[in-house]
Amino acid sequence: MLYGRREERARIFRLLADARAGCGGVLVVRGEAGIGKQTLLEDAAEQTAGFRVLRGAGAEAEVELPFAGLHQLLRPVLDRLDRLPAPQIGALRGAFGLADVETNRFLIELGVLSLLAVVAAEQPLLCLISQAGWLDSASADALVFVGRRLSTERMVLLFAARDDHVRRFDAPGLPILQLGGLDATEARQLLEAHAGALAPAVRDRLIAETRGNPLALLELPATLSDGQLAGSAPLPERLPLSTRLQQAFLQQVRALPTATQVLLLVAAAEATGDLATIFAAGRNLGAGLEALEPAERAGLVTVGGQELRFRHPLVRSAIYQDATFTTRQAAHRALVAVLQGEQQADRRAWHLAAATLTSDEKVARLLEASAERARRRGGPAAAATALERAAALTPEVASRVRRLVAAAECEWEAGHTTQAQALLDQAEAGPPDPAARARAARVRGHLELGTGSPATACTLLVENARLLLDVDPEQATELLVLATRAAVAGNQLDRILEEISPLVRHRPGHPPDRRIQRLVDSMQAVGLGRGPPTAATVAAARQTATAAGHPVLAWLWPIADLAEPDAVADALTLDQRYAKAVATHRAAGTVGALTVALADLALAETALGRWPEAIGNATEGLRLARETGQTATAGSFLALLAAVAAEQGRAEDCRRLAKEALAIAIPRRVAVVTAFAAWTLALLELTEGRPAAALERLRALSTPGHPAAHAILALLATGTLVESAARAGRLEGIEPFVARFERWAQWDRRAWTQVVAHYCRALITQGEEAERHYQAALAVEGLGELPLELARTELVYGEWLRRQRRKVDARVHLRAALAVFERLGASPWAERTRSELQASGQTARRRDPSTREQLTPQELQVARLAGQGLTNQQIAEQLFISRHTVGYHLHKLYAKLGIASRAELWRLDLGDDGAG
């Protein structure tokens, strides 16, 4: 019987009712040991008429084994694997060790979601996951992934996790139910039902000292004498709760026969609960099958099928922790002897490690091999755990450092930044091996860029590169490539010219790295370096320009570092390289690098006017950045989302997002984010009719020492600055900005640069000269591929023509601008254009919302893919959602668009996918 918990039960029952109706949910039930988490989960299972119930649990002995907890949960439904697409079948079989295939985290997680969705389609599904703190990292990550994607599934996930656990179950973004103790009335009812008559003073003290902990209330009376229960003998002076409970269990265990205690220790060490394995190892220690019966009679364990379960996790913990190292070692070695075959290699390695007290290279190598298998199966966090334990057992210092650094790399790949940092700190105590130094510096650079200061990252990377240049020039160059990114982010362009560039030029027997050299040449060509540009620098700058459809791509991150031959890389534009980088890291399951790649891709999509795609990728990246502790990177996503909001006229969203971005960027001196947010807010001021305020924000970009100063962004924002000055009637001092931009345009022949140079000059001149520049801007080849710039140029030209009282001519350009703005969903620009048209004597009818505007970002993605002929399953695989969720989105978008089937989607204006 469950005592109390009315509100908690009601919350869970609402989740179950919603799941029956097709809206799934998830809940993490938290609380101290014995507070009733598991009882609440079992109560939920008893109330689920018509539900399929799956159970899983974390286990201390399995915490290092990738996907062990997940396999336990899914084992009853693995017969449905054949209903999944072949790649997902292979991924899950590989993760569970059923096939020797290399896979990745995302494909495994999608396979878990798909498999559970298949089961939930048959009948509503309840998944109960106990002891979540002891879940292996790979299982925990996969189940949290599923928990975030249940909105359209007939499924509920309930996790039970201890607050005071040595391994906290972190599930960012999942709702939490915090359990406290029973109130006095409920606790009294429980005691009366299970402990009989107690002296009032004894009863009240038990309730007070246990703080209503149900397990403590059940277990403690059995440890007290009759006199203590009756109040005639004093109670112990102090009974700490955790010790008290464990001692209560141990009193029962110590009363059992020696052979039974041995068998229970083996079961505590082998967390799978597999009876055959436990009995085989027990026999080797002299504890036969008959030794189990006393433990069953005492209620400490139960047996169901071929599995042994302890009554409570504290029973297992108490038995294992109370044993001496010698007895635990014997239990682990007995298990090693019976776990045979290649499929048991990981368990053998971990049992050997548990049985090893001193350094042992042989065991360390077995754990390193286990780590490699975990990595290949898409479990980088599990690989890191194995490598860390291998390092602890490694006798030779250099090898220990190498394994610690490798563990840090795996933690970075898994997105666990704090753990990666701690491992690198350990590795620093070892000798300065060049290879290990290079790998450690690369990970530290990524960590500092993602979580801290770009200036600090740049210094760290340059210093280590300088030390490695002669012994390992290739690794040194990779550090300098990352240092270049840090210098751009921190507006330390002088460091690229004065420190980084000379180092990459001084590689014996190697040409300068072309990625860094292209950026240096471009800086020289536009006057951001010292001295006039040479013919070679101009040619290199133009080569960079060819690859980048928009200058923001070449300047804010010109180094799309893909492992491609030069000929292949040169055939791709930069935005295509960014899309490919995202696909590469997604396929590899490397979360840390994926987050950075998503930032690059979202920037490209924002610059090229692919706003729905930019929102989708930036939103995903922001979630990953927050989950993995990459706070500085989160600021980049917030600034990008603010920029799109400004262009779309979502003023409050823009201000909120920009404020959040600045709160992150300013203390860390992430100048590129601070400047980008300032530019965005200036654009918002301009579109809302406050050009003077916009001008002040934009001047800060060129003001040395100002937090928003950034030389590259000041150059890129010239068009917005000149337009703000013109509209505010404050053109004094603007000529130098325009002249500098024009010098850049002489070397950079991209359409965007040419267009902005012409309309900037037009805005500050009069008469025929102004018109000549407006017309030249509209005649630039390739302008049609930049719709926002095209429409803004048509608008400013139309405004100029109306002021010249050439209303008929003005209407031609204003109508053209309005059509593009409405198609893009650029609301403030469209509204300004309508006002101009009205002033010219023509009323512009408001267009119905476009297909793109009616749909959410994910609905738009689904619609595009369905319109291309992809099946629901193929769409699900690309978007990391379930097939059922795809169907749900299609149903909603059919209703929004007034169509009846996917066959009609191909005729709609859904835009392109921006992937190149």
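Overview of the structure. (Residues numbered from 1 in each chain as written. Predicted model: local features only at pLDDT ≥ 70, side-chain atom pairs only at ≥ 80, totals over all residues. Heavy atoms only, no water.)

### A look at the overall build of the protein
Consideration 1: In terms of helices and strands, the protein carries 48 helices and seven strands.
Consideration 2: Its C-alpha radius of gyration of 32 Å places the protein within 12% of the 29 Å reference for a compact globule of 916 residues.
Consideration 3: When its C-alpha atoms are laid out on the principal axes, the protein stretches across 105 × 65 × 55 Å.
Consideration 4: Classification of the 916 residues of the protein by burial places 57% in the buried group.
Consideration 5: Taking all contacts inside the protein whose residues are at least 6 apart in sequence as the whole, residues at least 24 apart take part in 68%. (Helix = DSSP H or I, 4+ residues; strand = E, 2+ residues; numbered from the N terminus. Rg over C-alpha atoms; globule rule 2.2 N^0.38 Å. Buried < 20%, exposed > 50% of the residue type's maximum accessible area, 1.4 Å probe, protein only. Contact = heavy atoms within 4.5 Å.)

### Here we look at helix 8 (residues 200-210)
Within an α-helix, residues lying three or four positions from one another point in the same direction, as the helix has 3.6 residues per turn.
Consideration 1: Those residues of helix 8 not exposed but buried are Val 202, Arg 203, Leu 206, Ile 207 and Thr 210. Buried residues in helix 8, looked at end-on, bunch into an arc of 130°, giving them a common side. When the buried face of helix 8 is taken as reference, the exposed residues oriented beyond 90 degrees from it are Pro 200, Ala 201 and Ala 208.
Consideration 2: The positive-phi residue at the C-terminal boundary of helix 8 is Arg 211, with phi of around 55°. (Arc of directions from axis to C-beta.)

### Here's the deal with the pairing of strand 1 (residues 25-31)
Consideration 1: By the criterion of burial, strand 1 is predominantly enclosed, with seven of the seven residues buried.
Consideration 2: Alternating residues of strand 1 divide into Gly 25, Leu 27, Val 29 and Gly 31 and Val 26, Val 28 and Arg 30, and every residue in both groups is buried.
Consideration 3: As defined by bridge partners, strand 1 adjoins strand 4 (residues 155-162) across seven bridges and the pair is classed as parallel. Looking at strand 4, one finds that Arg 30 is bridged to Ala 161.
Consideration 4: Pairing between strand 1 and strand 5 (residues 176-178): three bridges, direction parallel. Across the sheet, residue Arg 30 finds its bridge partner in strand 5, namely Gln 178. (Pairing = 2+ DSSP bridges.)

### Thoughts on the packing of helix 20 (residues 397-414) against helix 31 (residues 591-607)
Consideration 1: Look at helix 20 against helix 31: their axes get within 4 Å of each other, and the N-to-C directions meet at 45°. In this view, helix 20 runs oblique relative to helix 31, as classed from their interaxial angle. Contacts from Trp 412, Glu 413 and Ala 414 of helix 20 reach helix 31 at Val 591, Gly 592 and Ala 593.
Consideration 2: Classifying every residue of the contact of helix 20 with helix 31 by side-chain character gives four nonpolar, one polar and one charged. (Axes fitted to C-alpha atoms, helices over the stretch in contact; angles between N-to-C directions. Parallel < 35°, antiparallel > 145°, perpendicular 65-115°, else oblique. Nonpolar A, V, L, I, M, F, W, Y, C, P; charged D, E, K, R; others polar.)

### Some thoughts on the pattern of salt bridges
Consideration 1: Applying the stated criterion to the full structure yields 47 salt bridges.
Consideration 2: For Arg 105, the salt bridge goes to Glu 109, with nearest N and O atoms at 2.9 Å. Here the residue Arg 105 and the residue Glu 109 both occupy positions in helix 5 (residues 105-122), the gap between them amounting to four residues, near one helical turn. The pair Arg 105 / Glu 109 is uniform in exposure class, with both members buried.
Consideration 3: The residue Arg 727 makes a salt bridge to Glu 799 at a minimum N-O spacing of 3.5 Å. Of the two residues, Arg 727 sits in helix 38 (residues 718-728) while Glu 799 sits in helix 42 (residues 787-803), which places them 72 residues apart along the sequence.
Consideration 4: Owing to a relative accessible area of 4%, Glu 799 belongs among the buried residues under this scheme. (Salt bridge = Lys/Arg side-chain N within 4 Å of Asp/Glu carboxyl O.)

### What to know about the pairing of strand 3 (residues 125-130)
Consideration 1: Most of strand 3 sits out of view: six of its six residues are buried.
Consideration 2: Burial along strand 3 is two-sided: Leu 125, Cys 127 and Ile 129 facing one way and Leu 126, Leu 128 and Ser 130 facing the other are all buried.
Consideration 3: Pairing of strand 2 (residues 52-57) with strand 3, which is carried by six bridges, proceeds in the parallel orientation. Its bridge partner being in strand 3, Val 53 is matched across the sheet by Leu 126.
Consideration 4: When strand 3 meets strand 4, the two strands line up parallel, connected through five bridges. What sits directly across from Cys 127, in strand 4, is Leu 157.
Consideration 5: Once the chain exits strand 3 it traverses helix 6 (residues 137-147) before rejoining the sheet at strand 4, and the crossover so formed is right-handed. (Right-handed = clockwise from strand over helix to strand, strands pointing away.)

### Notes on the environment of Arg 105
Consideration 1: Judged by its relative accessible area of 13%, Arg 105 falls in the buried class.
Consideration 2: Arg 105 sits 598 residues away from Thr 703 along the chain, and the two C-alpha atoms are 46 Å apart.
Consideration 3: When neighbours within four sequence positions are excluded, Arg 105 is seen to be in contact with Asp 141, Gly 378, Ala 414, Gly 589 and Val 591.

### As for the sheet that holds strand 2
Consideration 1: Ordered in space as 2-3-4-1-5, the five strands form an open sheet in which the pairing is parallel. Pairing within the sheet leaves two strands with one partner each, and these edge strands are strand 2 and strand 5. When the angles between neighbouring strand axes are averaged without regard to direction, this sheet yields 20°.
Consideration 2: Where helix 2 (residues 37-46) meets the sheet, it contacts strand 1, strand 2, strand 3, strand 4 and strand 5, and its direction lies at approximately 165° from that of strand 3.
Consideration 3: On the sheet, helix 5 packs against strand 2, strand 3 and strand 4 and is oriented at approximately 135° with respect to strand 3.

### Digging into the packing of helix 12 (residues 258-269) against helix 16 (residues 325-338)
Consideration 1: Put simply, helix 12 and helix 16 touch, their axes get as near as 9 Å, and they point 70° apart. By the angle between their directions, the pair helix 12 and helix 16 is classed as roughly perpendicular. You can see that helix 12 and helix 16 cross each other, and the crossing is right-handed. Facing Leu 265, Val 266 and Ala 269 of helix 12, the residues of helix 16 in contact are Thr 327, Arg 328, Ala 331, His 332 and Leu 335.
Consideration 2: In the contact of helix 12 with helix 16, the residues fall into five nonpolar, two polar and one charged. (Left-handed = near helix turned anticlockwise from the far one by under 90°.)

### Structural notes on the environment of Phe 106
Consideration 1: Mapped onto the fold, Phe 106 is located in helix 5.
Consideration 2: A relative accessible area of 6% places Phe 106 in the buried class.
Consideration 3: Through-space distance from the C-alpha of Phe 106 to that of Gly 378 is 8.1 Å; in sequence the pair is 272 residues apart.

### As for the environment of Leu 158
Consideration 1: For Leu 158, the position within the fold is in strand 4.
Consideration 2: Since its relative accessible area comes to 0%, Leu 158 is described here as buried.
Consideration 3: Each C-alpha atom of the pair Leu 158 and Gly 147 lies 9.3 Å from the other, and the pair is eleven residues apart in sequence.
Consideration 4: Excluding residues that lie within four positions of it along the chain, Leu 158 makes contacts with Ile 12, Leu 15, Leu 27, Leu 41, Ala 44, Leu 126, Cys 127, Leu 128 and Ile 129.

### Looking at the side chain of Arg 403
Consideration 1: In this fold, Arg 403 is placed in helix 20.
Consideration 2: Side-chain polar atoms of Arg 403 contact the side chain of Glu 368, separated by 2.9 Å.
Consideration 3: If we skip the residues at most four places from it in the chain, Arg 403 touches Glu 361, Ala 364, Arg 365, Glu 368, Leu 387, Ala 390, Ala 391 and Thr 394. (Polar contact = N/O pair within 3.5 Å; in protein donor to acceptor, adjacent residues only side chain to side chain.)

### Observations concerning unusual backbone geometry
Consideration 1: Of note in the backbone geometry, Phe 67 takes a positive phi value of approximately 70° without being a glycine.
Consideration 2: With respect to the helices, strands and loops of the structure, Phe 67 is situated in the loop between strand 2 and helix 3 (68-74).
Consideration 3: Look at Arg 669: it is not a glycine, yet its phi comes out positive at around 55°.
Consideration 4: Summarising the element assignment, Arg 669 is placed in the loop between helix 34 (651-668) and helix 35 (671-687).

### Digging into helix 16
Consideration 1: When the terminal C-alpha atoms of helix 16 are compared, their 20 Å separation across 14 residues agrees well with the 20 Å that a helix rising 1.5 Å per residue should span.
Consideration 2: Buried residues of helix 16: Arg 328, Ala 331, His 332, Ala 334, Leu 335 and Val 336, and no others. (Expected span 1.5 Å × (residues − 1).)

### Thoughts on the nonpolar core
Consideration 1: Counting 142 residues, the largest nonpolar core has Ile 496, Leu 701, Tyr 774 and Phe 821 as its most contacted members.
Consideration 2: Listed in part, the 50 residues of the second largest apolar core include Ile 207, Ala 269, Ala 281 and Phe 310. (Core = buried A, V, L, I, M, F, W, Y, C linked by side-chain atoms within 4.5 Å.)

### Quick word on the packing of aromatic side chains
Consideration 1: Under the definition given, this model contains nine aromatic pairs.
Consideration 2: For the ring pair Tyr 774 and Trp 800, a centre distance of 6.0 Å and an interplane angle of 50° mean the geometry is tilted. Residue Tyr 774 is found in helix 41 (residues 767-778), and its partner Trp 800 is found in helix 42; the two are separated by 26 residues along the sequence. Comparing Tyr 774 with Trp 800, the two get one shared label, buried.
Consideration 3: Looking at Arg 105, its charged tip hangs above the ring of Phe 106, at a distance of 6.0 Å from the centre.
Consideration 4: We note Arg 149 situated over the ring of Phe 145; from NZ or CZ to the ring centre the distance is 3.7 Å. (Phe/Tyr/Trp six-rings, centres within 6.5 Å; stacked < 30°, edge-to-face > 60°. Lys NZ or Arg CZ within 6 Å of the ring centre and 35° of its normal.)

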